[in-house]
Amino acid sequence: AGTRMKSDLPKVLHRICGKPILAYVIEEVKAAGIQEIVLVVGHGAQEVEAEISRRYQKDPNIKYVLQQEQLGTGHAVMQAKDLIQDTGNVIVLCGDTPLISTQSIQAFVQAHKEQGNAATVLTASLDRPFGYGRIIRNQQGQVQSIVEEKDASADQKLIREVNSGMYCFRGSLLRQNLDRLSTNNSQKEYYLTDVLTIAVADGEQAGAYCIDDPIEILGINTRVQQAEAEAAMRRRINEAHMLAGVTMIDPAQTYIEPGVTIGTDTQLWPGVILSGHTVIGTGCTIGQNSRLVNAIVGDQVEIQSSVITDSSIGSHTTVGPYAYLRPGSRIGSHVKIGDFVEVKNAVIGDHSKASHLAYVGDADVGQHVNIGCGVVFVNYDGRNKARTTVRDGAFIGSNSNLVAPVTVEEDAYVAAGTTVARDVPGGALCIGREKEKHIEGWVARKGLSRKPEGGSK
């Protein structure tokens, strides 16, 4: 339930670097080569199943079992008893530990097999082990049991090796001993740790694999721990990109989600946010405070302080500062999208430019087109959207309005201040403003002079 999160959203669906906490665990398990996954769901079960089914396209290898009452970790695994095979091994992981890595899962399973254990617990050594179950070993160093914090004695609480809540069991042993669990403890719950204790009492061998980096076992119970996990994940993602040839001026102020791809020699300035399935080419510069969501960016592109969502940009193009590319925008190569230009659901061809203060919406713009300052593509009549076509080589003068649906043919010129409501033939000049006239003495007659009494000083 994640009551300490103070949220109506199931805890495992809260996001770390843009992805649900549970999704990290699932993907690391898959990457480790584990095929069959069983999710024990309880609080918010329908929401969890709906999100995971959507994200993984109803993967038949992901199965769900319902824990109607939450009566402890052992009780949770009991719900999946019918799906546990006697042959092979079963790994039990926590859905709220997004930092567990593929490498650690593989090393954990390998240690379980090499040691010939019936049960193996994943452990970590912590300077401050408060709140975690302690690993109890005998004089030979063999694991004997796991004692929960609330059930531990004063001496046991001094032990620094702690239980991560993750285990590897021989399938037959887990199936046989689940029914032997009891609620004879301070929390009156079925502890999964007791399976290991029972196995040792029966003469089976239990072991532990101590993980190298304790941060991997961090479980998320509060928004504070969520922020800690977010920071750790962001460092992990950023370091991987930097080792692959990406420059970050300040990694601590660079936010990159897991699905992002970045080419070598690209430079990211502070405040950059890269989300979704964004792909950035080589040799690009992404300037400060830019945000890209599901953006495809070519090579040698410069983006300054701009927002780009569900759009693509060709190579050698400059965008911004303060440009806004909304969904469905496809910008060509060698294009200039300048400051305070907004583009929505539009195609802009190679070598064209909209240098400043323009709105290009629902349009098909050809190559070598100039869009002047203050140009508006008038695409909405209050009920319907319509498209505008501007063909190669056309020139759209400043403060012009193109009222869709309308076409400006090749090499046509639209004079500044014109409202275009009819198609403009190729090579023609379209001028629609009223004839200019000057009315002498008008300011004085209206008493609107701004010159102070007695003349200028």
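Everything here concerns the structure above.
Bear in mind that the values here come from a model prediction, so they are computed numbers and not experimental data.

### So, the state of the cysteines
Piece 1. One pass over the full model with this rule turns up zero disulfides.
Piece 2. Summary of cysteine pairing: C430 is not part of a disulfide, and the nearest cysteine sulfur, belonging to C373, is at 19 Å.

### Side note on the pairing of strand β3 (residues 37-41)
Two faces make up the sheet, and in a regular strand the side chains alternate between them.
Piece 1. The two faces of β3 differ: I37, L39 and V41 on one face are buried, but V38 and V40 on the other face are not.
Piece 2. Where β3 lies against strand β4 (residues 62-66), five bridges are found, and the strand directions are parallel. Bridge assignment links I37 to a residue of β4, and that residue is I62.
Piece 3. Remark: the β3/helix α2 (residues 45-55)/β4 crossover connection has right-handed handedness.

### Structural notes on the packing of helix α5 (residues 171-178) against helix α6 (residues 193-201)
Piece 1. Between α5 and α6, the shortest axis-to-axis distance is 10 Å and the interhelical angle comes to 105 degrees. It follows that α5 is roughly perpendicular to α6 by the angle criterion. For the pair α5 and α6, contact is made by L173, L174, N177 and L178 and by V195, I198 and A199, respectively.
Piece 2. Considering only residue class, the contact of α5 with α6 consists of six nonpolar, one polar and no charged.

### So, the sheet that holds strand β14 (residues 267-268)
Piece 1. Reading across from one edge, β11-β14-β17-β20-β23-β26-β29-β32-β35-β38-β40 is the order of the eleven strands in this open sheet, with parallel pairing throughout. Pairing within the sheet leaves two strands with one partner each, and these edge strands are β11 (247-248) and β40 (429-430).
Piece 2. Relative to strand β17 (residues 285-286), β14 runs parallel, the two sharing two bridges. In the sheet register, L268 faces β17, and the bridge partner there is I286.

### Concerning the packing of helix α1 (residues 21-31) against helix α4 (residues 102-115)
Piece 1. The contact between α1 and α4 brings their axes to 8 Å, and the two run at 55 degrees. Classified by the interaxial angle, the pair formed by α1 and α4 is oblique. By crossing handedness, the relation of α1 to α4 is classed as right-handed. Of the residues in α4, those in contact with E28, V29 and A31 of α1 are T102, I105 and Q106.

### Observations concerning the side chain of S315
Piece 1. Position of S315 among the secondary structure elements: in the loop between β22 (312-313) and β23 (318-319).
Piece 2. Here the side chain of S315 touches D299 through a polar contact of 3.0 Å, landing on its backbone nitrogen.
Piece 3. In contact with S315, not counting residues within four places along its chain, are G298, D299, V301, S333 and H334.

### Thoughts on unusual backbone geometry
Piece 1. Geometrically, the link from G320 to P321 is a cis peptide bond, its omega value of 10 degrees lying close to zero.
Piece 2. Relative to the helices and strands, P321 resides in the loop between β23 and β24 (324-325).
Piece 3. Residues A404 and P405 are joined by a peptide bond in cis, for which omega reads 0 degrees.
Piece 4. Mapped onto the secondary structure, P405 falls in the loop between β36 (401-403) and β37 (406-408).
Piece 5. Although it is not a glycine, K6 sits at a positive phi angle of roughly 55 degrees.
Piece 6. Tracing the chain through its elements places K6 in the segment before β1 (15-16).
Piece 7. Notably, H334 is not glycine yet its phi reads approximately 55 degrees, a positive angle.
Piece 8. With respect to the helices and strands, H334 occurs in the loop between β25 (330-331) and β26 (336-339).

Rules and cut-offs
Within each chain, residue numbers correspond to sequence positions counted from 1 in written order. Reporting of local features is limited, given that this is a predicted model, to residues whose pLDDT is at least 70; pairs of side-chain atoms are given and counted only at 80 or more, and all residues count toward the totals for whole chains, interfaces and linings. Side-chain descriptors were evaluated using all non-hydrogen atoms of the structure, hydrogens and water having been removed beforehand. Two cysteine sulfur atoms form a disulfide, by the criterion used here, when they sit within 2.5 Å. Here's how the labels work: a residue is buried when its accessible area is under 20% of the maximum for its type, exposed when over 50%, partly exposed in between, all with a 1.4 Å probe on protein chains only. Helical segments are the DSSP runs of H or I of at least four residues, strand segments are the runs of E of at least two, and each set is numbered from the N terminus. The pairing criterion for strands is at least two bridges between them, as found by DSSP. When the strands point away from the viewer, a crossover counts as right-handed if the path from the first strand over the helix to the second runs clockwise. As a rule, the C-alpha atoms of each element are fitted with a line to give its axis, helices using only the stretch in contact, and angles between N-to-C directions run from 0 to 180 degrees. Orientation labels follow simple angle bins: below 35 degrees gives roughly parallel, above 145 gives roughly antiparallel, 65 to 115 gives roughly perpendicular, and whatever is left gives oblique. Only heavy atoms enter the contact rule, under which two residues are in contact if any of them lie within 4.5 Å. Residues were grouped as follows: Ala, Val, Leu, Ile, Met, Phe, Trp, Tyr, Cys and Pro as nonpolar; Asp, Glu, Lys and Arg as charged; and all remaining residues, including Gly, as polar. For any helix crossing, the convention is left-handed if the near helix is rotated counterclockwise from the far helix by under a right angle, and right-handed if that rotation is clockwise. Counted as a polar contact is a pair of N or O atoms within 3.5 Å, where, for protein atoms, one must be capable of donating a hydrogen and the other of accepting one, and residues adjacent in sequence contribute only when both atoms are in side chains.

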